[in-house]
Amino acid sequence: MDRRRPLEEALDALPGGLAARDRSAAHRIAAAVLRRAGSLDAVLEPYLRREPPEAVRHALRMGAAELLLLGTPPHAAVGGAVAVVPRPFAGLVNAVLRRVAGAGPAALEGLDAERLDTPPWLWSSWHAAHGPAAVRAIAAAHRTEAPLDLTLAPGASRPEGGEVLPTGTVRFPAGTRVTELPGFAEGAFWVQDAAAALPARLLGARGGESVADLCAAPGGKTAQLAAAGARVVAVERDPKRAARLRENLSRLRLSAEVAEADATAWDAGGERFDAVLLDAPCTATGTIRRHPDVPFLKQARDVPPLAAAQAALLAAAARLLRPGGRLVFATCSLQAEEGEAHLGTAAALGLLPDPVRPEEAPGLEAAVTPAGSLRTRPDLWAERGGMDGFFVARFRAPGG
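Residues numbered from 1 in each chain as written. Predicted model: local features only at pLDDT ≥ 70, side-chain atom pairs only at ≥ 80, totals over all residues. Heavy atoms only, no water.

Taking an unreviewed UniProt entry as the reference, the protein is identified by name as Transcription antitermination factor NusB belonging to Craurococcus roseus. In the Sequence similarities (unreviewed entry) part of its UniProt record, the protein is described as follows: "Belongs to the class I-like SAM-binding methyltransferase superfamily. RsmB/NOP family." (UniProt positions renumbered as here; feature names shortened; annotations may be inferred.)

So, in structure tokens, the structure goes:
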């Protein structure tokens, strides 16, 4: 929170590293604080006469999260928090958390958790883009950990215990360890949120077609396209992410050409493709269920430059299409500037709308907009565990 550093990166950077069990516990505590920081601060406020140093505030948040959200025994939660603060503040942390423990989870009742746990800039932007009821539903969905979603390789058997969603994704409860599922090492499936699997499915790649996947790492969509039988060129500018993409394809026993290049400048040697998939870099505000650090990493000022970069990528994608070729544009963002606003961008580039039909999104018919794009949100399929927020639009090039 202080350094605006991704949670996984911060855990990786700890001196000496962490044993797997300790890392899992640390992640669980940190994620709980990130999801509910506003509510936890509201609970702590009556017990603080003045604002403590930030390190002490964090310790109090962690202790309160363990007491109120994670079911940690009071002696362990209080003792753990006291142990990580400077000695002059040990008494304060001990006294405050013992009072929180006495109040118990009832201390969270009556709070406007949706507002408290959502940064104001996100609340106002979602209110404007999706409406007052939706913004509350989105914020409520962010309080729970996301389930594990898998895309199966062609012909692979569904691992026991998974629920098949209407769109074909296989879902397991939150906390499921993917590496322990039978078939992982053999490449029978890959991790991919139900919403993240939709852009490639809506592109409808067919055997023998030439397809470019731009900004392709870590490779879930590349895998979908390759599994459909298309000849795929996956473009990724970051060498480390490109290496991860190759590793994932190798595990899945799927083939694609990987081009390490900036997609805005890549010309494919003059080749034009039957189809192009562009899942553009964005604020990732649609993935907060899985990445509760996102609200602390992004700010309102990050949106305009990202939207401009997405427009440049969309123009580059359009140039790669053969006449009549198909293009799917997607972002895992809930911000309208990174989604719906690009319908105008596409029109200015001469791209023609290719509306998504409700029957192409089984169980998500309500997510198909009047303009024919697809807008998923974290509160959709709430009874099944929700999904990431995505914007997906499909176009075709003139001619052909």
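J.: An account of the UniProt feature "binding site: S-adenosyl-L-methionine" (unreviewed entry) in the protein is requested, with residue identities and associated values reported.
T.: Those residues carrying the UniProt feature "binding site: S-adenosyl-L-methionine" (unreviewed entry) are Cys215, Ala216, Ala217, Pro218, Gly219, Gly220, Lys221, Glu236, Asp262 and Asp279 in this numbering. With respect to the secondary-structure elements, Ala216 resides in the loop between strand E5 (210-214) and helix H10 (220-227). Sequence-distant contacts of Ala216, defined by excluding residues within four places in its chain, comprise Thr222, Ala234, Val235, Glu236 and Leu245. A polar atom in the side chain of Asp262 sits 2.7 Å from the side chain of Thr264. (Helix = DSSP H or I, 4+ residues; strand = E, 2+ residues; numbered from the N terminus. Contact = heavy atoms within 4.5 Å. Polar contact = N/O pair within 3.5 Å; in protein donor to acceptor, adjacent residues only side chain to side chain.)

J.: Can you lay out the pairing of strand E12 (residues 390-396) for me, pointing to particular residues and giving the numbers?
T.: Buried residues dominate E12, accounting for six of its seven residues. Pairing of strand E9 (residues 321-331) with E12, which is carried by six bridges, proceeds in the antiparallel orientation. Residue pairing in the sheet places Phe329 in a bridge with Ala393 of E12. Taken together, the two bridges between strand E10 (residues 352-353) and E12 define a ladder with antiparallel strand orientation. Pairing of Leu352 across the sheet is with Arg396, part of E12. With three bridges joining them, strand E11 (residues 374-376) and E12 adopt antiparallel strand pairing. Along E12, the bridge assignment pairs Thr376 with Phe390. (Buried < 20%, exposed > 50% of the residue type's maximum accessible area, 1.4 Å probe, protein only. Pairing = 2+ DSSP bridges.)

J.: Report on the UniProt feature "active site" (unreviewed entry) in the protein, specifying residues and quantitative values.
T.: UniProt annotation of "active site" (unreviewed entry) refers to Cys332 when read in the numbering used here. Turning to its location among the elements, Cys332 is positioned in the loop between E9 and helix H14 (342-348). Residue Cys332 is classed as buried on the basis of its relative accessible area, which comes to 16%.

J.: So, the pairing of strand E1 (residues 148-152): which residues are in play, and what are the values?
T.: The buried fraction of E1 amounts to four of the five residues, a majority that puts the element mostly inside the structure. Pairing of E1 with strand E3 (residues 170-172), which is carried by three bridges, proceeds in the antiparallel orientation. Following the sheet pairing, Asp149 is matched in E3 by Arg171. Bridge count for E1 against strand E4 (residues 189-191) is three bridges, and the pairing is antiparallel. Looking at E4, one finds that Leu152 is bridged to Phe189.

J.: Tell me about the environment of Leu203, residues and numbers included.
T.: The residue Leu203 is located in helix H9 (residues 198-203) in this model. With 190 residues separating them in the primary sequence, Leu203 and Ala393 have C-alpha atoms 9.8 Å apart. Those residues in contact with Leu203 that sit more than four places away from it in its chain are Val211, Leu225, Ala275, Val276, Leu277, Arg326, Leu327 and Val328.

J.: Quick one: what's the story with the environment of Asp41, residue by residue and with numbers?
T.: Relative to the elements of secondary structure, Asp41 occurs in helix H2 (residues 20-44). For the pair Asp41 and Ala107, spaced 66 residues apart in the sequence, the C-alpha separation amounts to 11 Å. Sequence-distant contacts of Asp41, defined by excluding residues within four places in its chain, comprise Arg57 and Arg61.

J.: I'd like to hear about the nonpolar core, residue by residue, with values.
T.: Among the nonpolar cores identified, the biggest contains 32 residues, and Leu203, Val211, Leu225, Leu364, Leu374, Phe390 and Val392 are the most heavily contacted of them. When contributions to this core are tallied by element, the ones reaching two or more residues are H9, H10, strand E8 (273-279), E9 and E12. Residue contributions to this core peak at four residues, all from H9. When neighbours within four sequence positions are excluded, Leu374 is seen to be in contact with Leu198, Leu202, Ala361, Leu364, Ala367, Val368, Phe390, Phe391 and Val392. (Core = buried A, V, L, I, M, F, W, Y, C linked by side-chain atoms within 4.5 Å.)

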